[in-house]
Amino acid sequence: MAVAEFPLPDVGEGLTEAEIVQWRVAIGDEIAVDQVLVEIETAKSLVELPSPFAGTVTGLLVSEGDTVEVGKPIIRVESDASVASGAPVTSTQPGGPAPVTDSVPTSPVVAATPPAASVPPAPVAQTPPAQAQAQAPAPVQAAAPARAAAPVQPVAVDASVVGTDESSGAVLVGYGSATSSPSRRKPGARRAAALAAEASRASSADPAAAAEAASDPGEDTTAEAIAGLASAPARKQTLATNVLAKPPIRKLAKDLGVELAEIVATGFAGEVTRDDVIRHAKQASVFRNIETPEWGDVRSETIPVKGVRKAIATAMTTSAFTAPHVSLFVDVDATRTMEFVKRLKSSPTFAGVKVSPLLLVAKAVIWAVRRNRSVNSTWTDREIIVHHFVNLGIAAATPRGLIVPNIKDAQDMSLLELAQALEELTLTARDGKTTPAQMANGTVSITNIGVFGMDTGTPILNPGEVAIVAMGTIKPKPWVVDGEVRSRMVTTIGASFDHRVVDGDVASRFVHDVASVLEEPALLLD
């Protein structure tokens, strides 16, 4: 019998401490390799820590809400098998010598998953865990006992149900299982999605044909999702009614004031699920006050400065009082940008991808950086490092505070790839799943304050960068065109620069280039 204490690992970026947010296991629980043990909050993100070994939880060494230094043990697990290489193990053989440490970790990050030979087979589980999960996916907690008893070994899984990611979804850098994890897509889901698209096209002309297209054997989920679409009146063939969603889901969206057409569907057949609606409603609440709460019973409230808020305070103070900021502003006629966005939304190529003016602003910033390289730099006191790649930061307002994840090598992306990356980045950030690596090594950033209805602002630089662009709201305003006053879609572009690196002429040309693309998106063809 061996006892292992799992130390808090450094989850990236040299972080020194983290807060215990929520334990996912309790004393006495049987746990399996890669089962999520605890959710922690670092100075940058929420992170789930998976177990590097299987066994029985005998002690939770820290409490929820505690701030723990990296390397400090947080949980104790007892196991019949030897644990992962690098994890501290204490021998507890009855009648034997005093407990001794079998190995001492050289790093708080535990090493790779133990080989299958180190875990004795158990008669209670006849199916390897990966194979069982592929046959019948189940919540992690429910499957924990079976996974703990089953041998950990590679198994052959049908490629149609396994994704291309080579690591388990719960694996942290430096340890965990290396076997493939099952994809969320069910077998035959591609065909189901094709049937859904066919029924959508047919429904506008012949509802009966749409119902027939949904009658494929074994695709009950698709048939149910298409049923409401097939019976929709022809006079309501709008974007919202063409969205695959069951009647209860449509009612929920209506009650929450959510537009179905704006929701990113995650259903197996492309349908909008209840979770999709709830998640979108929570995201929307970030940008507007949904309700007006009552005044509290206490006169004052004390909020500890820690986690993301502490990181924000440190970064903003460092940036504001270290880099001499200079800001510029320009009004832009973005009418053609809005027309281009409208065309992209109706394009089959961009079907299912969120397209917004931010996409064009992002592309404009990348184009302007290419023409004004010094705005894509880093100041180090001893030298200026000019980057010949663009890791484009997007400031994201989340319930936990402001974070700035970035899109790596955005300069190499097509418009469609950039749109997909923006969508993934935004959803990940608002779900609190952004990793420290996704926020590291940014080179230039965008903050979209227009979603709050703001015209412009003076953004503070993200530390390590020398330029940031602020995108204001786009709305109709009077604008002089060919000597006549007309209603045009106008926005204001603002930008801040580190004056140690960027001179006024370069800053002006950069802002002008961004504005030029918004006025005439055809410049991107250059």
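Residues numbered from 1 in each chain as written. Predicted model: local features only at pLDDT ≥ 70, side-chain atom pairs only at ≥ 80, totals over all residues. Heavy atoms only, no water.

S.K.: Looking at this structure, how should I read the packing of aromatic side chains?
M.R.: Two aromatic rings, taken as a pair, are described by how far apart their centres are and by the angle between their planes. With the rule as written, the count across this model stands at two aromatic pairs. On the numbers, 6.5 Å between centres and 85° between planes, the contact of Phe6 with Phe53 is edge-to-face. One end of the pair, Phe6, is in strand β1 (residues 2-7); the other, Phe53, is in the loop between β5 (46-50) and β6 (55-60), and 47 residues separate them in sequence. Like Phe6, the residue Phe53 is buried in the burial classification. Ring centres of Phe497 and Phe510 lie 5.9 Å apart, and the angle between their planes is 90°; on these two criteria the pair is classed as edge-to-face. With Phe497 in strand β21 (residues 484-498) and Phe510 in helix α12 (residues 504-519), this residue pair connects regions lying 13 residues apart in the sequence. Here the two residues Phe497 and Phe510 agree in accessibility, since each one is buried. (Phe/Tyr/Trp six-rings, centres within 6.5 Å; stacked < 30°, edge-to-face > 60°. Helix = DSSP H or I, 4+ residues; strand = E, 2+ residues; numbered from the N terminus. Buried < 20%, exposed > 50% of the residue type's maximum accessible area, 1.4 Å probe, protein only.)

S.K.: In this structure, what is going on with the sheet that holds strand β7 (residues 67-69)? I would like to understand it.
M.R.: What holds strands together in a sheet is hydrogen bonding between their backbones, with the strands either parallel or antiparallel. Strand order in the open sheet formed by four strands is β5-β4-β2-β7, and the pairing between neighbours is antiparallel. The strands lining the two open edges of the sheet, one partner per strand, are β5 and β7. Neighbour to neighbour, the strand axes of the sheet diverge by 40° on average, direction disregarded. Pairing between strand β4 (residues 36-41) and β5: five bridges, direction antiparallel. Counterpart to Glu39 in the pairing with β5 is Glu48. (Pairing = 2+ DSSP bridges. Axes fitted to C-alpha atoms, helices over the stretch in contact; angles between N-to-C directions.)

S.K.: Explain the pairing of β6 here, please?
M.R.: Along any regular strand the residues' side chains alternate between the sheet's two faces. Pairing between strand β3 (residues 30-31) and β6: two bridges, direction antiparallel. Bridge pairing links Ile31 to Gly55 in β6. Relative to strand β8 (residues 73-79), β6 runs antiparallel, the two being bridged by four bridges. The residue of β8 that forms the bridge with Thr56 is Glu78.

S.K.: Whenever I open this one, unusual backbone geometry confuses me. Can you help?
M.R.: Residues apart from glycine generally show negative phi values, whereas peptide bonds are mostly found in trans. Phi is positive for Asp381, which is not a glycine, with a value near 75°. With respect to the element layout, Asp381 can be found in the loop between β12 (377-379) and β13 (384-386). Its identity is not glycine, yet Asp482 carries a phi of approximately 55°, on the positive side. Here Asp482 lies in the loop between β20 (475-481) and β21. With relative accessibility at 71%, the residue Asp482 sits in the exposed group.

S.K.: Got a minute to help me understand the packing of helix α10 (residues 357-371) against helix α11 (residues 415-430) in this structure?
M.R.: The description of two helices packed together rests on the angle between their axes and the distance between the axes. Orientation of α10 relative to α11, taken along the N-to-C sense of each, is 115°, at an axis distance of 10 Å. The element α10 and its partner α11 pack so that their crossing is right-handed. Here Leu358, Leu359, Ala362, Lys363 and Ile366 of α10 come into contact with α11, specifically with Leu415, Leu418, Ala419 and Leu422. Taken together, the residues of the contact of α10 with α11 break down into eight nonpolar, no polar and one charged. (Left-handed = near helix turned anticlockwise from the far one by under 90°. Contact = heavy atoms within 4.5 Å. Nonpolar A, V, L, I, M, F, W, Y, C, P; charged D, E, K, R; others polar.)

S.K.: Just to check I follow, could you spell out the packing of helix α9 (residues 335-345) against α10 for this structure?
M.R.: The N-to-C vectors of α9 and α10 enclose an angle of 115°; their axes lie 9 Å apart at closest approach. The angle between the axes of α9 and α10 places the two elements in the roughly perpendicular class. When you trace α9 past α10, the crossing you get is right-handed. Across the interface between the two elements, Thr337, Met338, Phe340, Val341 and Leu344 of α9 pack against Pro357, Leu359 and Leu360 of α10. Across the contact of α9 with α10, the residue classes break down as seven nonpolar, one polar and no charged. (Parallel < 35°, antiparallel > 145°, perpendicular 65-115°, else oblique.)

S.K.: Just to check I follow, could you spell out α10 for this structure?
M.R.: Since the α-helix turns once every 3.6 residues, residues separated by three or four places project in the same direction. Over its 15 residues, α10 runs 21 Å from end to end, which matches the ideal 21 Å to within 8%, given 1.5 Å per residue. α10 sits mainly inside the fold: 13 of its 15 residues count as buried. (Expected span 1.5 Å × (residues − 1).)

S.K.: I tried to follow the nonpolar core on my own but got confused; where do I start?
M.R.: Soluble globular proteins: nonpolar side chains tend toward being buried together. Counting residues in each nonpolar core, the largest one holds 51 residues, and the members touching the most others are Leu359, Val365, Leu392, Phe497 and Phe510. Where this core is concerned, the elements lending two or more residues are α9, α10, β14 (392-394), α11, β18 (444-448), β19 (467-471), β21 and α12. For this core, the element with the highest residue contribution is α10, accounting for 11 residues. Each residue touching Phe497, except ones within four places of it in the same chain, is listed here: Pro324, His325, Val326, Leu328, Val375, Leu461, Val466, Ala467, Val502, Ala507, Phe510 and Val511. One finds Val11, Leu37, Val47 and Ile75 within the second-largest nonpolar core, a separate group that totals 22 residues. (Core = buried A, V, L, I, M, F, W, Y, C linked by side-chain atoms within 4.5 Å.)

S.K.: I'm lost on the environment of Thr318 in this one. Help?
M.R.: Tracing the backbone shows Thr318 in helix α8 (residues 307-322). Remark: the alpha-carbon pair of Thr318 and Pro463, spanning 145 residues in sequence, is separated by 7.4 Å. A polar contact is formed between the side chain of Thr318 and the backbone oxygen of Thr314, at a distance of 2.8 Å. (Polar contact = N/O pair within 3.5 Å; in protein donor to acceptor, adjacent residues only side chain to side chain.)

S.K.: What's the story with the side chain of Ser445 in this structure? I'm lost.
M.R.: For Ser445, the position within the fold is in strand β18. Within the structure, Ser445 has its side chain in polar contact with the side chain of Glu465 (distance 2.7 Å). Ser445 has contacts with Gly393, Val404, Asn462, Glu465, Ala467, Ile468 and Val469, leaving out every residue within four places of it along the chain.

S.K.: Just to check I follow, could you spell out the side chain of Thr335 for this structure?
M.R.: Summarising the element assignment, Thr335 is placed in helix α9. Take Thr335: its relative accessible area is 10%, and that puts it in the buried class. Within the local environment of Thr335, its side chain forms a polar contact with the side chain of Arg488, the two groups lying 3.3 Å apart. With near-sequence residues (within four places) excluded, Thr335 lies in contact with Arg488 and Met489.

S.K.: Please explain α9 as it appears in this structure.
M.R.: Among the residues of α9, Thr335, Thr337, Phe340, Val341 and Leu344 are the ones counted as buried. Tucked into the core, α9 has its buried residues touching β11 (325-333), α10, α11, β21 and α12.

Function-wise, these values are silent; they only describe arrangement.
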